[in-house]
Amino acid sequence: MKKLSGMLLLAAVLFASCERQEQPSLQGKAVKFATSSVSVNTKTSYQGEVQDGIEAILWDNGDTFTVWSDKASVAGSSQQWADYKVKAEGGAATAIYPAKEGVELQWGEGLHHFYALYPAGEVEGSRLCANIPSFQRTIEAEGNVFLPNLSEYGNMAASAEANPSEAPVKLLSNPMFTTLVPTVSPAPPAACVV
């Protein structure tokens with residue numbers, strides 16, 4: 001009976017160790033990112049339609065943003081950030097891929113914090129830096145309608161938490177400022193007094 005109990009215990013230990021070895025580790029694997037295609041605040045060019053006083057902003061193909069993480073890093077370095085590009089179709093992001101081949105964040109261990117900045121910005125230590133200049137060039141959308149160039153000035157930020165087992169990491173960007181659209185028209189004609 002002792003031999004049988006010992007063999008069962010040994011078999012249980014071997015089974016448990018085999019089971020642990022079969023689970024793949026994501027540490028060192030590339031982090032995959034996604035954006036929401038339903039929210040009106042996750043994109044980078046004006047849609048042109050206003051709903052409830054809010055104008056939808058759409059992704060443009062090739063838009064680039066920076067992602068920093070506290071635990072992920074680029075392979076073979078201590079760099080904790082990388083730039084990513086958006087592949088867009090009809091204003092919705094269909095894919096996110098590294099802006100530079102071979103430079104992408106890879107999973108570390110445990111819970112990761114991700115912070116993203118659009119357009120791609122400078123990284124100083126653990127800070128993503130953006131500059132909204134006081135003078136901005138505008139682009140003419142249609143006859144006498146001028147809009148800010150969002151690919152240069154449409155700063156947005158996103159944050160997310162994820163474990164290596166949770167993929168892809170969903171980034172929901174929010175504008176860092178409010179756009180105002182003033183309407184300018186001529187004054188009504190002056191009343192004539194006789």
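Everything discussed here concerns the structure shown above.
Every value quoted in this text rests on a predicted model; they were computed, and no experiment measured them.

### Let's talk about the overall build of the protein
Each helix and strand counted, the protein has two helices and 16 strands in total. Every one of the 194 residues in the protein was classed for burial, and the buried ones make up 28%. Put simply, of all contacts in the protein between residues at least 6 apart along the chain, 58% involve residues at least 24 apart. Carbon together with sulfur atoms contributes 55% to the accessible area of the protein, which is approximately 13100 Å² in total.

### Brief notes about the sheet that holds strand E14 (residues 156–162)
Spatial ordering of the open sheet is given by E7-E6-E4-E9-E14-E16, a layout of six strands whose pairing is antiparallel. Taken across any chain shown, the strands that pair with only one partner, and hence form the sheet edges, are strand E7 (92–98) and strand E16 (174–175).

### Description of the side chain of Thr66
Mapping Thr66 onto the fold places it in strand E4 (residues 64–69). In terms of polar contacts, Thr66 uses its side chain to reach the side chain of Asp83, at 2.6 Å. When neighbours within four sequence positions are excluded, Thr66 is seen to be in contact with Trp81, Ala82, Asp83, Tyr115, Ala116, Leu117, Ala120, Gly121, Val123 and Leu128.

### Overview of the nonpolar core
Membership of the largest hydrophobic core comes to 24 residues, with the highest contact counts inside it found for Phe33, Phe65, Val67, Leu105, Phe114, Val169 and Leu171. Only E4, strand E6 (81–89), E7, strand E9 (112–118), E14 and strand E15 (169–171) provide two or more residues apiece to this core. Excluding anything up to four places from it in sequence, Val169 contacts Val31, Lys32, Phe33, Ala34, Trp107, Phe114, Ala160 and Ala162.

### Describing the pairing of E7
Inspection of the sheet shows E6 paired to E7 by six bridges, in the antiparallel sense. Pairing of Tyr84 across the sheet is with Pro98, part of E7. If you look at the hairpin formed by E6 and E7, you'll find two residues sitting between the two strands, and Gly90 has a positive phi there, around 65°.

### Some details on the pairing of E14
The two faces of a sheet get side chains in turn, since along a regular strand they alternate between them. By the alternation rule, side chains of E14 split into Met156, Ala158, Ala160 and Ala162, which are all buried, and Ala157, Ser159 and Glu161, of which none is buried. Bridging between E9 and E14 involves seven bridges; their strand directions are antiparallel. By the bridge assignment for E14, Ala116 is matched with Ala158. Pairing geometry for E14 and E16, over two bridges, is antiparallel. The residue of E16 that forms the bridge with Met156 is Pro175.

About the thresholds
- Residues numbered from 1 in each chain as written.
- Predicted model: local features only at pLDDT ≥ 70, side-chain atom pairs only at ≥ 80, totals over all residues.
- Heavy atoms only, no water.
- Helix = DSSP H or I, 4+ residues; strand = E, 2+ residues; numbered from the N terminus.
- Buried < 20%, exposed > 50% of the residue type's maximum accessible area, 1.4 Å probe, protein only.
- Contact = heavy atoms within 4.5 Å.
- Areas by Shrake-Rupley, 256 points an atom, 1.4 Å probe, with all protein chains shown as cover.
- Pairing = 2+ DSSP bridges.
- Polar contact = N/O pair within 3.5 Å; in protein donor to acceptor, adjacent residues only side chain to side chain.
- Core = buried A, V, L, I, M, F, W, Y, C linked by side-chain atoms within 4.5 Å.

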